[in-house]
Amino acid sequence: MDIQKIEQYKSAFDLIAKEIKDDDGNDIEVWYARELQQVLGYARWENFVVAVGRAMESCKTLGINVDDHFRETTKMISLAKGAQREVQDFMLTRYACYLVAQNGDPKKEEIAFAQSYFAVQTRNAELIEERLNEIARLKTRDRLRASEKQLSRNIYQRGVDDRGFGRIRSKGDFALFGGLTTEQMKRRLGIKSGALADYLPTLTIAAKNLATEMTNYNVEQKDLYGETDITAEHMQNNRSVRGMLGQRGIKPEDLPPAEDIKKVERRVAKNEKEMLKDVSKLPKDKTDDE
């Protein structure tokens, strides 16, 4: 997501933020679910309120008081001929909005943005962009892990053991990186320990994942059996992906290494723990005392 799009989304989310006083008289920001629904790209309340419900369940699971962050309320909406109707709404803290985004439709670009927008306390556009890039890389790495796990299962049923899987994956790297083996690539990038994919940039991880997904598909569609045929298929798929990158002037072996993804995972997890320490709470609902 480019910085211009980030600024556009940021403005939309900033615009619907409201300020109220907490129990100590401090200003805190809140958002209303009906307005949040629109900027998160949900056309129907019935679909969005499912994400809100899941977010409330997540809050309970984490041992956090739901009433501190979610408050059911109502709002009036205009109908035909000047009539009005009362509808359900929710007042949400920043943390509640973060949980809603975590439980929203991951295919929506707005949801990906919101996860970082509500996690970054300062809402600095550059910090949001940095976190978006980190989350994108983590998700891409997770997809590669899943597709490689699926490939391992597929080929095990087709006469290939774990050592054979390792050789197939290595041959795929050889094809993708223009004749450089996995170990040669690790030396080239200065990787002393850990998996090669943990140090690759998002683009290269995505390339490896695409080739692996193609292999998974064709192993089943072509009913391939044995290490030799599956290796040939996997190498061809990696060559095809390399060719596609080459058409855009990209050589995957020349891309610089990225930060160890395990460090990124730890930093994102730490950020989420720190967010929990600093979350503002809704003021006590005075109707509870009535």
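See the structure printed just above.
Conventions and cut-offs
- Residues numbered from 1 in each chain as written.
- Predicted model: local features only at pLDDT ≥ 70, side-chain atom pairs only at ≥ 80, totals over all residues.
- Heavy atoms only, no water.
- Helix = DSSP H or I, 4+ residues; strand = E, 2+ residues; numbered from the N terminus.
- Buried < 20%, exposed > 50% of the residue type's maximum accessible area, 1.4 Å probe, protein only.
- Lys, Arg positive; Asp, Glu negative; His and termini not counted.
- Salt bridge = Lys/Arg side-chain N within 4 Å of Asp/Glu carboxyl O.
- Polar contact = N/O pair within 3.5 Å; in protein donor to acceptor, adjacent residues only side chain to side chain.
- Contact = heavy atoms within 4.5 Å.
- Phe/Tyr/Trp six-rings, centres within 6.5 Å; stacked < 30°, edge-to-face > 60°.
- Core = buried A, V, L, I, M, F, W, Y, C linked by side-chain atoms within 4.5 Å.

*Asks:* Let's hear about the side chain of Asp22: which residues, and what values?
*Replies:* Inspection of the secondary structure assignment puts Asp22 in the loop between strand S1 (18-21) and strand S2 (27-32). The side chain of Asp22 sits in the buried core without any salt bridge; Lys21 is the nearest counter-charge, 7.9 Å away. Polar contacts involving the side chain of Asp22 include one to the main-chain amide nitrogen of Gly25, which spans 3.0 Å. Within the structure, Asp22 has its side chain in polar contact with the backbone nitrogen of Asn26 (distance 2.8 Å). Sequence-distant contacts of Asp22, defined by excluding residues within four places in its chain, comprise Ile28, Lys281 and Pro283.

*Asks:* Can you explain the environment of Gln37? Please cite residues and give values.
*Replies:* Locating Gln37 in the fold gives a position in helix H2 (residues 33-39). Judged by its relative accessible area of 3%, Gln37 is buried. The spacing of Gln37 and Leu210 is 173 residues in sequence and 33 Å in space, taken between C-alpha atoms. Excluding its chain neighbours within four sequence positions, the residues that come into contact with Gln37 are Tyr42, Ala43, Arg44, Trp45 and Phe48.

*Asks:* So what's going on with the packing of aromatic side chains? Residues and values would help.
*Replies:* Applying the stated criterion to the full structure yields 11 aromatic pairs. With 5.4 Å between their ring centres and 35° between their planes, Tyr9 and Phe113 make a pair best called tilted. In this pair, Tyr9 sits in helix H1 (residues 3-15) while Phe113 sits in helix H5 (residues 109-119), placing the two residues 104 residues apart along the sequence. In terms of burial, Tyr9 and Phe113 fall into one category: buried. Here the aromatic rings of Phe13 and Phe113 are separated by 5.3 Å at their centres, their planes lie at 50°, and the arrangement is tilted. Placement of Phe13 in helix H1 and of Phe113 in helix H5 is noted, with a sequence separation of 100 residues between them.

*Asks:* Tell me about the nonpolar core, and name the residues and values.
*Replies:* One finds Phe13, Leu36 and Phe70 to be the most contacted residues of the largest nonpolar core, which totals 40 residues. Breaking this core down by element, the ones donating at least two residues are H1, H2, helix H3 (45-61), strand S4 (84-92), helix H4 (94-102), H5 and helix H6 (125-156). Here this core gets seven residues from one element, more than from any other, and that element is H4. Those residues in contact with Phe70, other than ones at most four positions away along the chain, are Val52, Ala55, Met56, Cys59, Met91, Leu92, Ala96, Leu99, Val100 and Leu282. Leu176, Phe177, Ile191 and Val241 belong to the second-largest nonpolar core, a separate cluster that totals 16 residues.

*Asks:* Go over the pattern of salt bridges, please, and point to the residues and values.
*Replies:* It is possible for side chains of opposite charge to pair when their charged atoms get near one another. For the coordinates displayed, the defined rule picks out 24 salt bridges. Linking Asp198 and Arg141 is a salt bridge whose minimum nitrogen-to-oxygen distance equals 2.8 Å. Within this pair, whereas Asp198 is found in the loop between helix H8 (182-189) and helix H9 (202-221), its partner Arg141 is found in helix H6, the two being separated by 57 residues in sequence. Like Arg141, Asp198 is buried.

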